[in-house]
Every structure is written in C-alpha cells, then in structure tokens.
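Structural characterization, general
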Amino acid sequence: MKYSANSVWENKDPYDIVVIGAGHAGCEAALASARLGLKTMIFTVSVESIALMPCNPNIGGSSKGHLVRELDALGGEMGKVIDRTFIQSKMLNQSKGPAVHSLRAQADKAFYSRTMRQVLENQENLDIKQMEVTDILAEDGKIKGVQTYSGAIYSCRAVVLCTGTYLRARCIYGEVSMQTGPNGLQPANHLTSSLEKLGIQMYRFKTGTPARLDKNTIDFSKMEEQFGDEHVQPFSFTTDPEDVQISQASCWLTYTNETTHDIIRANIDRSPLYSGMIEGTGPRYCPSIEDKVVKFADKKRHQVFIEPEGLNTNEMYVGGMSSSLPEDVQYAMYRSVPGLEHAKIVRNAYAIEYDCIDARQLKSTLEFKKISGLFSGGQFNGSSGYEEAAAQGFVAGVNAAKMVLGEEQLVLDRSEAYIGVLIDDLVTKESHEPYRMMTSRAEYRLLLRQDNADQRLTRIGYRIGLIDEKRYQKLIEKEKMISDEMERLEHVYVGTTEAVQKLLEQYESTPLTSGISLAELIRRPELSYEAVAPLDRERRELPWDVIEQININIKYDGYIARQKRQVEAFKKMETKKIPEEIDYNEIQSLRIEAKQKLSEIRPLSVGQASRISGVSPADISVLLVYMEQYYKK
Amino acid sequence: MKNTSTIAAISTGMTNSGIGIVRMSGDEVFTIIDKIFKGKMKLSEAPSHTIHHGYIMEYEPEGQTLRNQPPIDEVLVMVMRAPRTYTGEDTVEIDCHGGTFVLTQILENVIKAGAKPAEPGEFTKRAFLNGKMDLSQAEAVIDVINSKNEYALKSSISQLKGSVRNKITDIRNKIIYHTAFIETALDDPEHISVDGYGETLKGVVDEIQETLGELIDSADDGRTIKEGIQTVILGKPNAGKSSLLNVLTGKNRAIVTDIAGTTRDVLEEQIQLQGLSLNVIDTAGIRDTEDIIEKMGVEKAKEYALNADLIIYVVDASRELDENDDEILRIVFDQKSIILLNKSDLNTIITKEILQKRIQKLRNNEKNEEIPAISISTKEESGIKELENVLKTMFLHGDIQMNDEVYITNIRQKTALQDAYESLQKVLISIENQMPEDFYSIDLMDAYESLGNITGETVGEDLANEIFSKFCMGK
C-alpha cells in the first residue's frame, strides 16, 4: 500500500454499495443489498450505536406495526429482531376493526441494538466500518464513491444515505446547546456541504425526547400498572408464536396536573422553542409537553407513560413528556407528577435539530432524480420513527442493489402497502414537519391490514430475491387453505333444525326462517367461524391465522369489495406512466403553476401527478391528452 | 380503455328545439338502457349501428314496481357498439322530443339507472384516450377541455348562493372534525378513547342529513332558474293578463313547446326573456264561466301561486282597488312577485304609492320590503323593457349565461349531494350494525369528498391537518 502526502488513499477493492449510517434505515438497506449478493459497506460514526433507539423504547404501534409486518413479508429484518428482544407486547385497537389492529412491542433497547448488530456482523458480503463519511463523489450526475474523514476514498456504484438525525445535529434544552447527535453521540458535520455541492436542497427539522428517570426513585404505587397481552402475537411471519409467550415487563400510567402546567407556563419564555433558539420545524403529532400545555390549554391533565428502557437497566422513559425546557424546570415539572415526587433524572430531555432533505427530490424508488446511483432513506428523507426509517431503508437498499444488477426497481403503490403510501407521500407532497405514518393516510386501509401483510407482499419479496422458496410455498399453501375453506362455507347449508335455532338463541342471533349457508351465518356480527363450529360437521382443523383470514374476509366482504372497486379506479391512473423525458414546458395548455410543480417532482404516473398540490383536474386532462399525442409520435 | 364508468349527458343544447339527444357511453350502457327502455327487443341484444323505436319509462329500482306510470317519452334509440363509436366505447343515443322538461327527465332516469353525469368535455376526453382522434384534432380539443373546465368550475361555484356554500362548508367542517376525532383515537388509542362514539355520531349524522335533504330539495329549486322560472300571472278579469301574455309571446317568438303541465287544465307556456326562461302558467283556462271566476279562480290561482317561483300580479290601474285585489295581495306579499300597473295609456288612478301603502296596511306594518311595481301598457307595449330588467336583477346574480354546461353542473351538484347523503346513510347502517368505529370514517370521508366536489375543494391533507390542530396526540 502506498501512502500519499495528503493522506488520501484509495481502497483498491471497490464496493457495489456503500450505506452511510447504521440506524434502522441503514441496517435494512445494508442487509437487503448484501443478501442480494452485492458487496456492501456500511459506515457508522460509532459501532456501538448500530440500530440504536434514541427515543421511545418500542417498535410498532398504530400503522407503524403495519410497516414492520410489511417489511417482514418483503424480507426485512426489524420484525425478527424485535420478536427476539421485546419485553412487553400489545395488539392495539383490538376492539376496533381489523384494519386498525396494530402490534406494538416494548423493546429491550440495548438487546435490540446488540442483536441487530450481530445480524449485520454475521452477514455475508457486508463490511462494517466506524468512520464519518464527509464527501459523496459523483461525476456527470453519477455516483463514483465516497470519501471519509480520514481522507480515504471508497469507490462504489451506488450510495444509500441513511444519516438519520446526525447531520449537523444540535441538541438543545433551556439555554444549553450542544453540537452532538442523539444520546450525546458524535454528529456528522461535513456531509451536508458535500450534498449541497451536488445540488441537493437541505431542510432543517427538529424533534425531541423526554427525560430518562432512575427506576429506584419512582413510586409506582401511585401509578396504574399496564400489562402486555395475555397471548402475544409475533411481528414476523417466520417467528413461531410459541416462542413469544414470555413473561413480560410492565409499563406504568400516571398524569400531569395543574401544578405541572403552572410550572411549564411560568417558564415558557425559557424554552428554546419559544425564545427562537430552535429554528427547525417540529412535528405536530409528537408535541413536547410545553406545546401540549400551550396549545391545548383547556386540558386539565395529560397522560404520562413510564416505560422501561430494558431489563438490564434502571432507566425509565417518560412517555408523553418530551421537552426542551431548562434542567431546573425539567426537575420541577417531572416531580410534580404523582409517583415522580422524588425522581432523579439520568438523562435530560432535549430537542434535537438536524439536516434533512425535501424528499420531493427523490423518485419513487428513493433514488435522487439528479444523481444516478444516489439513494436515501429514513429520517434524512424527512420522516420520523424507527419503523418509517426501516421501511424506506429497505426500499432504498433493494433499489440500489437492483440498479447495480440492472434489474427492475421496487415501487409499491398506495393500494399495495403502507410502505407505498409512506414513500408516495414523501416524494409527492410538500411537508413542513417530520412525516409520521398514520392509518388515516392509507385510503385503502381495509385492504392494507397487518394481518394480511404476508398475502400482500411475500410474493413481491420472493420476486426481489429476499424470500426463500420454503417461505413462499408456505404462503401459497395458506392462501389455498383460505380460499378452499371460504368456498366450502358458501356451499354448506344449514336448515331450520332445532340444533341450529338453539345455537342462534345462545348467541342472541335471529332464528332462521329458511336454509342458509354457513358463510351467511358467519357474516352476522354476533357470530363467527368458531361460533358455528357445532353446525359444521365436515370441518377440518385449520391454523389460527387461516381462521382469522376467513372471519375477516367473510364478515367485512361488503366493505372490502367496495375498497377493491376504488382501487381499480386508482390503478387505472397509476398505470398510466408518464414518459421520463417529457418536457412540461412544451405542453402549452398547462397552467404555469402546474408546469412548475410537475417539472420539479416529475411524477412517474398520471395518478401520482394528480396528488401533487397545485395540479388541478383540468391540468390532468391536458396531460392525458398530451401523452396520447406523445405516444403516437 | 377497460372498465370505464358509464357517463351520460344531454348532447344537444338546452334550448327548446324540436328534438334532443341524450348520449351515454361506457361499459354499462346496455344494462342501463334496458332498465328504462321499453321496445320490441332488449337493446343489449341489438346489433351494432341499429335504430330502435320504443319508450323511455320511469326507472324502477329493483324490487319496486311503479304502477301505471305513463312513458316519459316516445323515442328512437341508436345502438353503437365499441369500438366504432365517437368515444370508442359502447354508446347509445336517445333521440327524444326536445324541450328541457323531457330531456331532463330522461337524463335523470338514466342517472338513476346507474350512469354518472359526464364531466365537461368527458366524451371528447374518452375519444382521445381511446385513440379515436388524430393529432390535429387533439390540439383543438385541449382548448375545449380547458375552457370548459374553467367555465364549469367558475359557473358551478358562482352559482352557489352564499348561504348554500356556507351550509356545505359547515357540514364539511363537522364531518372532518368528527372523522379526525375517530382517527386520532385510532392512532393513539392509549390517550383517546372512541368507545361508544357511535351514539354521538348518530346525532351529528342525523342533523347533517336533514340539512342535506333540504339542500337536495333546494337544488331542485335552484334548477328551476335554469329550467325556467315557474311563473303565475294573477289578476282580476280584464286587468290585462292575457294581453300581457300576448305581448310577451308576440314579442318573443321563442315559444317552442307547449308543455302540458301536471294539472290537465293548465297550460304552461315558455317564454324567453333576456336569457331567462319563464314557464308561465296561464290561469286563463279556468275562466270559462265568468260567474264563478271571482271565487274559483282565486282559489285555484292561490294553489299555483304557493308553488310558483314568481308571481306577476297585473293590476288595472284605471280602476279602484277592491277586496278581490286585497285577496290577491295577501298571496303576493309573501312571495317573490312583481306588480304590473297596467293600462298606463289610460287615465290611471292607482299609483305605485297607493299600492305600496295598501300592501303595508295588509301586512300590519310588519315588513318594509317593497314589492317591485312597474307601470306598463300592454296596449302600447310600453314598460316591458323595465319588466325584463327587474326580472334580471331578481333571478340572475352576476353574469351567468344560460347554457347546457351550467345545467349539467347543476345535476352534478345534486348528484354530489345525494352521494354525500348516501355515504352518511352507510355510516348510520354501520353504527346500527355496531361495526367498529374505524368503519365510520371511511364513509364519512366519502361524504366529505362528495361535498368538496360542489365547492371545488379536494381532500388533500385536510384530515391530517384537522387531527393535528384539534386533538392532542400523545408521545
């Protein structure tokens, strides 16, 4: 090896893919790429921080649980790791419709991080390097490699940016402002200017986290204990449900009160948010306690969840009370909450500001429109949340790999997956705050359930090459069991026999006046597949997840059919692809605003174009007509 | 293109010509036409490019039989199968008798049977997308689509009276608020509970449906302006009602159809005045027996007057007012009316002032709103211009022109209101069936979207914004 004077040396062994950042996005990106057989390097500022959970100690939750299941069906890792490292688990919204059931697990943070790190370490084709990347090297709009702080150059064919909240990160509370990433980790201060030189527009976002308290200083007798589900469901479709029936840790519920709110109001001028020290845009859905007190002044109390950070630590997360107030105010307000009167703070709450991008600079494949071979995922794209990050990281990693392999890119649409909704929203809609997934963002949520994520996406994962034959065959088998049984139920009739009427009476269901199919009975709200078992002599034993699908498909078939019709209409516009080289300025009848927006975002399809704010239905008509001419040329 | 929805529109103008055409295009045209067409054969079995004689009947929803309904019209239906049609899709054209009433009835029944009102320029758009037009034609149509869209939007919005618009906005705000509440609870179930919300929501939906019902009815009212203003001419014998009608019709040879009204003994005549169309109900038909006119006539006229959009009260200004005039004035002063002081060519003794005072007295001095009064002479045909001007200010706000686009927009608005109503009906059914709360928001958002079509607003990020601004999320 030859050493040059300016300490630049070039790694002679080029990589296919370089992933920058080893958070939840980076891990999924690197694993996907390496598993597709590509030589992959993942850079991190600290190996200890691989798959770190710097904020809440849980994975999943409303709509986020959907993302994890989808990711799992496609061949991602997050679901498998949380199944091995959770300490409490709950299916949220169980009293509601199946579309909004959502799994959420409390994680042992350190264990989660270490487990994921081990998966990376043992992954073939994947190298890990602790080093800050300072420059993205590109020529003629094409990726050539990256350069690190040490001066070393790593050439590669594609780069996936997963820098999370580390770019020019600044942590703030009160008058204290530190140039650090989350958890006091080293920030990445150089990459932003390199990206700007490549013509990438940067934004500055803000988010925050509550304090961590010492468990030994908390009086739990003043709080309500929150248990996990009696029967735990795993995230991953590959996890044996028996393996997740563990003894679970508890969380605790307490409340703020008027005293807490008075303390906050009296010190609000010392909050960096209100004093103007913070310039980044914070998320509305995840307000700090001071935001809640100011904006929802009529609320007398707010819930506070005390959650363990892991089994081998005494640190407790104070859910619901993130803040950037000064240290002394933090002490006073936390201690005003019942049970926390003597609490000691291990880590202060803080707000964090970081550089990210306006994701409308990306294609739906998560590749930069301007730079071929440069992909990005996660909080860098302006999202928030571990699950949102992992889902994007996976798609970015797969597409970087597919680009190198010269194979078809992965784009999921809004009718296929929450991941599709997430990415479509990010690359299409203007956003002024970190983007969080919500079930209300999914137009077709009755079809995009967490319980059928495997049926929706395993096939796609198999086609990508990240789902093996065995798992694929298992899905085919499951689908056959479901359709065979549903077919059978439609054709097995029961009459007005005494046994039937008696069973109906037992469930307070209207008695029969004539023969009826079993499916028709199951459709009744008060009955189910299980309930009609005594009337069904030919029934064979089926796995629980098959029965679940049968119940849902029969009970909600009217609603499901309606959504399917809506999807058909949606698909029609979605399949109208706009030619990549189209010049919107040439289309004379388009309004100027539409020309600008369309040129900027360059939507893939007419459907996507119609979702851009500032593009009217009339513009879409014009575009359709223009395309017709275009294809005739 | 596969699986297109079926669209329908009146493809001749909304003027009163001898014949009119209602056109339909899309996959379901034959299913739809067979539901309302009565002829020698089912049109779904008819060969392409053939013409069939028959009748368009009132649409009967499945399971319902409308007894003894007369046919709406005797028609010729042209059957054209894809792809050799204008749009490239299955198409039927219903050649019927012209006149707004028949055309509207047929279009409404086609829509009831499953067609959607066509968007402006939609037939042409489909023709394009199905490759039925060449390059040069395409460019011309871009302009058409553009102008039509802009026009339709402008007119549909300006057409909305402020109060209607406010009502719809009000309803939309309510819908989005309650949807946002449900959604917040679903997103953050540990902070917010939505259990038992169905009861609250039911109350809200009931109330909204009531308002929507009123709006749907008023959509019909609003349409009368475009279809013609239902006008009743009142007056004592010899006040000059008939001569007024003669002057109006004689001056405007625009009477094209004599439409038999719903009541057999009343003749409705259509008069075009400065872009306004008056459907004048001539009560002359009931004054055969001079003796009983004073009593019978007023009774009968009263009935019409109550349902009219406009009353024109013709006063003989050369004679004293009597209790018969008071009787008429009592009908007139609560309605939209115009008083014509006829026979200005003679020595008049009744002035506008005397008249207004008399009205004031009859009203017990309660209301001060003046009823417009105009001096005319049917004999010398003077004052007619003034009448036209008063009518214009009464019925036309802004410079809306009468044409088919405005008309279609109106049906679209009504359809949108009905869609919203039906979506809310589904919410009620979900509540009744004790479906989980997340099912409510699907139909609530559909209703929200339908109403947005009327006010020209899309859904976009509304729900997310409402959630964040109105409800406190945890974390």
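Remember, predicted model here, so these are calculated numbers, not experimental data.

Okay, the overall build of chain A next. When helices and strands are tallied, chain A shows 20 helices and 22 strands. Here the C-alpha atoms of chain A give a radius of gyration of 26 Å, agreeing with the 26 Å that 2.2 N^0.38 yields for 633 residues. A principal-axis box enclosing the C-alpha atoms of chain A has dimensions of 95 × 75 × 55 Å. Counting across all 633 residues of chain A, residues that qualify as buried make up 50%. Sequence-distant contacts in chain A: of pairs separated by 6 or more residues, those separated by 24 or more amount to 73%.

This part takes up helix 10 (residues 386-405) of chain A. Residues and elements named next belong to chain A. Taking 1.5 Å of rise per residue, the 20 residues of helix 10 would be expected to cover 28 Å, and the 28 Å separating its terminal C-alpha atoms lies within 8% of that figure. With 19 of 20 residues buried, helix 10 is to be regarded as a mostly interior element. One or two residues past the end of helix 10 sits Gly406, with phi positive at roughly 70°.

A separate point is the environment of B:Ile431. Residues and elements named next belong to chain B. Following the sequence through the fold, Ile431 ends up in helix 12 (residues 404-432). For Ile431, a count of 18 C-beta atoms within 10 Å gives the class partly exposed. Sequence separation of Ile431 and Ile72 is 359 residues, and the distance between their C-alpha atoms is 39 Å. Every residue in contact with Ile431, bar those within four places of it in the chain, is listed here: Gly198, Leu201, Lys202 and Tyr440.

Here we come to the domain arrangement of chain A. On domain assignment, one finds that chain A holds domain 1 (15-207 + 354-464), domain 2 (212-353), domain 3 (481-561) and domain 4 (576-632). Computed over C-alpha atoms, the centres of domain 2 of chain A and domain 4 of chain A are 47 Å apart.

A few words on the confidence of the model for chain B. All names here are of chain B. Within chain B, residue pLDDT values average 75, and 69% of them lie at 70 or more. Within chain B, strand 9 (residues 258-260) has the poorest average pLDDT of any element, 33, and helix 1 (residues 29-36) the best, 93. Every residue in residues 251-266 scores below 50 in pLDDT, and together they form 30 contacts with partners more than four places removed in sequence or on other chains. Note on residues 284-294: pLDDT is under 50 here. Beyond four places in sequence and across chains, it has 14 contacts. Note on the complex model: pTM 0.76, ipTM 0.84.

A regular strand places its side chains on the two faces of the sheet in alternate fashion. All names here are of chain B. Of all seven residues in strand 2 (residues 19-25), five are buried; the element is thus mostly enclosed. Examined bridge by bridge, strand 1 (residues 7-10) and strand 2 share four bridges and lie antiparallel to one another. The partner of Ala8 across the bridge, within strand 2, is Met24. In terms of strand pairing, strand 2 meets strand 6 (residues 91-97) through seven bridges, oriented antiparallel.

The next point concerns the sheet that holds strand 1 of chain B. Residue and element names in this part refer to chain B. Ordered in space as 3-4-5-6-2-1-7, the seven strands form an open sheet in which the pairing is mixed. Looking at which strands have only one partner, the edges of the open sheet turn out to be strand 3 (37-39) and strand 7 (116-117). For strand 1 and strand 7, the ladder comprises two bridges, and the chain directions are parallel. Bridge pairing in strand 7 links Ile7 to Lys116. Sheet strands in contact with helix 1 are strand 2, strand 3, strand 4 (50-56), strand 5 (73-80) and strand 6, and its direction is about 135° off that of strand 2. Docked against the sheet, helix 2 (residues 100-112) engages strand 1, strand 2, strand 4, strand 5, strand 6 and strand 7, running at close to 15° with respect to strand 2.

Turning our attention to the environment of A:Ser236. Residues and elements named next belong to chain A. Position of Ser236 among the secondary structure elements: in the loop between strand 14 (224-226) and strand 15 (251-255). In this structure the C-alpha to C-alpha distance between Ser236 and Ile82, which are 154 residues apart in sequence, comes to 8.7 Å. Here Ser236 is in contact with Asp72, Gly79, Lys80 and Asp83, once residues within four sequence places are set aside.

Leave glycine aside and you will find that most residues have negative phi; peptide bonds, for their part, are mostly trans. At the junction of B:Ala82 and B:Pro83, the peptide bond is cis and its omega measures out at 5° in the coordinates. For B:Pro83, the location among the structural elements is in the loop between strand 5 and strand 6. In this model, A:Arg168 sits at a positive phi of 45°, which is unusual for a non-glycine residue. On the basis of neighbour count, A:Arg168 is assigned to the partly exposed category, with 19 C-beta atoms found within 10 Å. Of note in the backbone geometry, A:Glu508 takes a positive phi value of approximately 55° without being a glycine. Topologically, A:Glu508 is positioned in the loop between helix 14 (498-506) and strand 22 (516-517). Classification of A:Glu508 as exposed rests on a count of 7 C-beta atoms within 10 Å.

Let's shift gears to the nonpolar core. One finds A:Ile17, A:Val18, A:Ala158, A:Val159 and A:Val160 to be the most contacted residues of the largest nonpolar core, which totals 177 residues. Every residue in contact with A:Ala158, bar those within four places of it in the chain, is listed here: A:Asp16, A:Ile17, A:Ile143, A:Gly373, A:Phe375, A:Ala400, A:Met403 and A:Val404.

This paragraph deals with the packing of helix 12 (residues 453-464) of chain A against helix 13 (residues 469-491) of chain A. Residues and elements named next belong to chain A. Two numbers describe how helix 12 lies on helix 13: the axes approach to 10 Å, and their chain directions differ by 145°. In terms of crossing hand, the pair formed by helix 12 and helix 13 is left-handed. Contacts from Asp454, Gln455, Thr458 and Tyr462 in helix 12 reach Arg471, Tyr472, Leu475 and Glu479 in helix 13. Looking at the contact of helix 12 with helix 13 residue by residue, the class counts come to three nonpolar, two polar and three charged.

Okay, helix 1 of chain B next. The periodicity of an α-helix, 3.6 residues per turn, causes residues three or four positions apart to be oriented the same way. All names here are of chain B. Within the sequence span of helix 1, burial applies to Val29, Phe30, Ile32, Ile33 and Ile36. The arc that holds every buried residue of helix 1, seen down its axis, measures 160°, which confines them to one face. Looking at the buried positions of helix 1, the neighbouring elements they touch are strand 2, strand 3, strand 4, strand 5, strand 6 and helix 2.

Conventions adopted
- Residues numbered from 1 in each chain as written.
- Chains lettered and ligands numbered in written order.
- Predicted model: local features only at pLDDT ≥ 70, side-chain atom pairs only at ≥ 80, totals over all residues.
- Helix = DSSP H or I, 4+ residues; strand = E, 2+ residues; numbered from the N terminus.
- Rg over C-alpha atoms; globule rule 2.2 N^0.38 Å.
- Buried ≥ 20, exposed ≤ 12 C-beta atoms within 10 Å, placed from the backbone.
- Contact = placed C-beta atoms within 7 Å.
- Expected span 1.5 Å × (residues − 1).
- Domains from an automatic or database assignment.
- pLDDT = per-residue confidence, 0-100.
- Pairing = 2+ DSSP bridges.
- Axes fitted to C-alpha atoms, helices over the stretch in contact; angles between N-to-C directions.
- Core = buried A, V, L, I, M, F, W, Y, C linked by C-beta atoms within 7 Å.
- Left-handed = near helix turned anticlockwise from the far one by under 90°.
- Nonpolar A, V, L, I, M, F, W, Y, C, P; charged D, E, K, R; others polar.
- Arc of directions from axis to C-beta.

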